[in-house]
Amino acid sequence: MEVSQAAAEESRADAGSPGRVAAVSFPAVPGTRLTLPGVMDDEGRVDESRLRMHIFKNGGVSPSERGLAWRFLFGMYPCGSTALERSLLQEQLIVRYQVMKRRWQQFLPSAVQMHLNGTDAELVAAVRFFNQRQAQVQQQTQNQSEEIRDRLDFLELQAQILFERVTFDQRELREAIRIIDKDVPRTNRDLSYYQGEGLGNLLVLREILITYAAFHPEVSYAQGMNDLCSRFLEVLDSEVDTFWSFSCYMEKFSKDFRADGLHRKIELEAALLKELDFQLYAHLVTDSMESFAFCHRWLLLGFQREFEHRDALRLFEILSCDHLELISQKVERARYQERLAQKWNTEDSSEPELQTINTDFTFELFICAAILLENRESLLQCRDEAQLIQFTSRCRTLDLNHILEKAESHLYNYCRRCTRDYMGRHCSAHESRGEDFLYLLRSLLVLK
């Protein structure tokens, strides 16, 4: 994969200085223009397909662009919105979040303050920094003009009507908060974002997670969400924007935090490895499919701990591009144009469609497979589950560019084999369609 020089810059530029998270104040909309050629028009509308393909083909975006790009990528901002429309949307999202957070705080006032046992000095300092920040926000609110207050009062009334019928299950919410209060202190404090006054960001993370759990009882909270949400908070550097972006992400991936959802991913990973390397697959399933459970953390957290932090952020946005879906759309469009050109009648034609790839094999599964195949010899030496777990603990700070190249190569070779198998089973009339698909796939993957 071609990786732009800017995308390899230090991830520290992704967010502002630790401790300056905008909790409930009204900052300007982050940026008014993406500096990505051909992605945003003069009024601020973003071409979503080009944005996703730009991120994929360039190995991510530069740190200075990441905050705004993620707001579009994960759905907080509609790609069709103008810069002016987003400034109005921002106010609405801030007020709605305020109302939502106030609802659970009034329902469980004892949970507003995090209970500390005093043994974690850093956590005690985090609470102090957080309380100081809250006092500053309240002062900013009092200094707002009458015109702004009137507009916000109207938005707050709308939000109250919207959420007035929401009810909470006290037992379930208390249990979620109990787990959150255990997990938040375990968030990676080695990140500069949680250093010094930035310790207060841990409490910001806590409030985001509790608000999410309260208003999404069907998902609530599961271990690992703190690390995932922390990514959004560091990059976006805004409590409100993190909540909405994280919520949009979870709409699609919340199933991964359920046992059945992740089990399905592990099954797919096993099926993909079977396609790529049957010998290694057979070795890993000698006892049972549970042998692939050692991939659990990789697939749940998007390889967060397997790469350097800045590379893990790049990989997360690359995996979030849904580029296989884009490839499918482009191929389908090419097929449609071909049918029009040859005046094919799709309703009457008895010729089957070209089925080339299993679209359940997402790119993250190819990333996982690339890591496994890179360590093939070591894995073949593993004889039990304990040795497999030891193997995963050694897979740290991998070379992202190398793994991306390998994953793309495995994806292309898999598609090429599937396409040629199809052409071997059907008449030669399909050869041009198969070759067209492979040419398009190669160009989309930027393979040399």
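By the naming in an unreviewed UniProt entry, the chain is Si:dkey-238d18.4, taken from Tetraodon nigroviridis.

Trainee: Sorry, what's going on with helix α9 (residues 239-253) here?
Mentor: Since the α-helix turns once every 3.6 residues, residues separated by three or four places project in the same direction. Its 15 residues place the ends of α9 20 Å apart at the C-alpha level, agreeing with the 21 Å of an ideal helix rising 1.5 Å per residue. Most of α9 sits inside the fold, with twelve of its 15 residues counted as buried. Listing the buried residues of α9 in full gives Glu239, Val240, Asp241, Thr242, Phe243, Trp244, Ser245, Phe246, Ser247, Tyr249, Met250 and Phe253. Along its buried surface, α9 packs onto α2 (63-73), α3 (83-107), α7 (200-215), α8 (225-236) and α13 (309-319).

Trainee: I keep staring at the nonpolar core and nothing clicks. Help me out?
Mentor: Side chains that are nonpolar tend, in soluble globular proteins, to be buried together. Ranked by internal contacts, the top residues of the largest apolar core, which has 127 residues, are Phe303, Phe363 and Ile367. In terms of residue count, α7 provides more of this core than any other element does, eleven residues in total. Formed jointly, this core draws a minimum of three residues from each of two domains, domain 1 (48-254) and domain 2 (258-343 + 357-447). When near neighbours in sequence (up to four residues on either side) are disregarded, Phe303 contacts Arg231, Trp298, Ala312, Leu315, Leu319, Glu364, Ile367, Cys368 and Ile371.

Trainee: Hey, could you run me through the state of the cysteines in this one?
Mentor: When the sulfur atoms of two cysteines share a covalent bond, that bond is a disulfide. Tallying each qualifying case throughout the model produces zero disulfides. Cysteine Cys295 shares no disulfide, and the gap to the nearest cysteine sulfur, in Cys368, comes to 3.7 Å. Residue Cys295 is classed as buried on the basis of its relative accessible area of 1%.

Trainee: What's the story with the side chain of Ser320 in this structure? I'm lost.
Mentor: Structurally, Ser320 can be placed in the loop between α13 and α14 (323-341). When residues no more than four places from it in sequence are discounted, the contact partners of Ser320 are Arg52, Leu73, Phe74 and Tyr249.

Trainee: Honestly, a negative patch on the surface in this entry has me stumped. Any pointers?
Mentor: The grouping of Glu146, Glu147, Asp150 and Asp153 at the surface amounts to a negative patch. Its place among the elements puts Asp150 in helix α5 (residues 146-163). Taking relative accessible area as the criterion, Asp150 reaches 45% and is therefore assigned partly exposed.

Trainee: Please explain the packing of α8 against α9 as it appears in this structure.
Mentor: For any two helices packed against each other, one specifies the inter-axial angle together with the distance between the axes. As a packed pair, α8 and α9 sit with axes 9 Å apart at the nearest point and diverge in direction by 130 degrees. Classified by the interaxial angle, the pair formed by α8 and α9 is oblique. Relative to α9, the crossing made by α8 is right-handed. In this structure, α8 contributes Met225, Leu228, Cys229, Phe232, Leu233 and Leu236 to the contact, and α9 contributes Glu239, Asp241, Thr242, Ser245, Phe246, Tyr249 and Met250. Of the residues assigned to the contact of α8 with α9, the class counts are nine nonpolar, two polar and two charged.

Trainee: Hey, could you run me through empty space enclosed by the protein in this one?
Mentor: It is a probe the size of a water molecule, rolled over the atoms, that shows where empty space is left. The final tally for this structure, using the stated rule, is one cavity of 30 Å³ or more. Of the voids in this model, the largest cavity is the one considered here, and its volume is about 30 Å³. Around the largest cavity sit Gln92, Arg96, Leu155, Gln158 and Ala159, which together line it. For the lining of the largest cavity, the elements supplying multiple residues, two or more each, are α3 and α5.

Trainee: Would you explain the packing of aromatic side chains in this entry?
Mentor: Given two aromatic rings, one states the distance between the centres and the angle between the planes to describe the pair. For the structure on display, the rule yields 28 aromatic pairs. With a centroid separation of 5.5 Å and an interplanar angle of 50 degrees, the aromatic rings of Tyr249 and Phe316 are classed as tilted. With Tyr249 in helix α9 and Phe316 in helix α13, this pair connects stretches of sequence that are 67 residues apart. In this structure, Tyr249 and Phe316 share a single accessibility class: buried. Three or more aromatic residues joined by ring pairs form one cluster here, namely Trp70, Phe74, Tyr212, Phe232, Phe246, Tyr249, Phe253 and Phe316.

Conventions and cut-offs
- Residues numbered from 1 in each chain as written.
- Predicted model: local features only at pLDDT ≥ 70, side-chain atom pairs only at ≥ 80, totals over all residues.
- Heavy atoms only, no water.
- Helix = DSSP H or I, 4+ residues; strand = E, 2+ residues; numbered from the N terminus.
- Expected span 1.5 Å × (residues − 1).
- Buried < 20%, exposed > 50% of the residue type's maximum accessible area, 1.4 Å probe, protein only.
- Contact = heavy atoms within 4.5 Å.
- Core = buried A, V, L, I, M, F, W, Y, C linked by side-chain atoms within 4.5 Å.
- Domains from an automatic or database assignment.
- Disulfide = S-S within 2.5 Å.
- Patch = residues over 30% accessible without salt bridge, like charges linked within 9 Å, V, L, I, M, F, W, Y side chains within 5 Å.
- Areas by Shrake-Rupley, 256 points an atom, 1.4 Å probe, with all protein chains shown as cover.
- Salt bridge = Lys/Arg side-chain N within 4 Å of Asp/Glu carboxyl O.
- Lys, Arg positive; Asp, Glu negative; His and termini not counted.
- Charge placed at Lys NZ, Arg CZ, Asp CG, Glu CD.
- Axes fitted to C-alpha atoms, helices over the stretch in contact; angles between N-to-C directions.
- Parallel < 35°, antiparallel > 145°, perpendicular 65-115°, else oblique.
- Left-handed = near helix turned anticlockwise from the far one by under 90°.
- Nonpolar A, V, L, I, M, F, W, Y, C, P; charged D, E, K, R; others polar.
- 1 Å grid on protein atoms, 1.4 Å probe; cavity = no way out; pocket = protein on both sides within 12 Å on 5 of 7 lines; lining within 4 Å.
- Points joined across faces, edges and corners; volume = space filled by probe spheres on them.
- Phe/Tyr/Trp six-rings, centres within 6.5 Å; stacked < 30°, edge-to-face > 60°.

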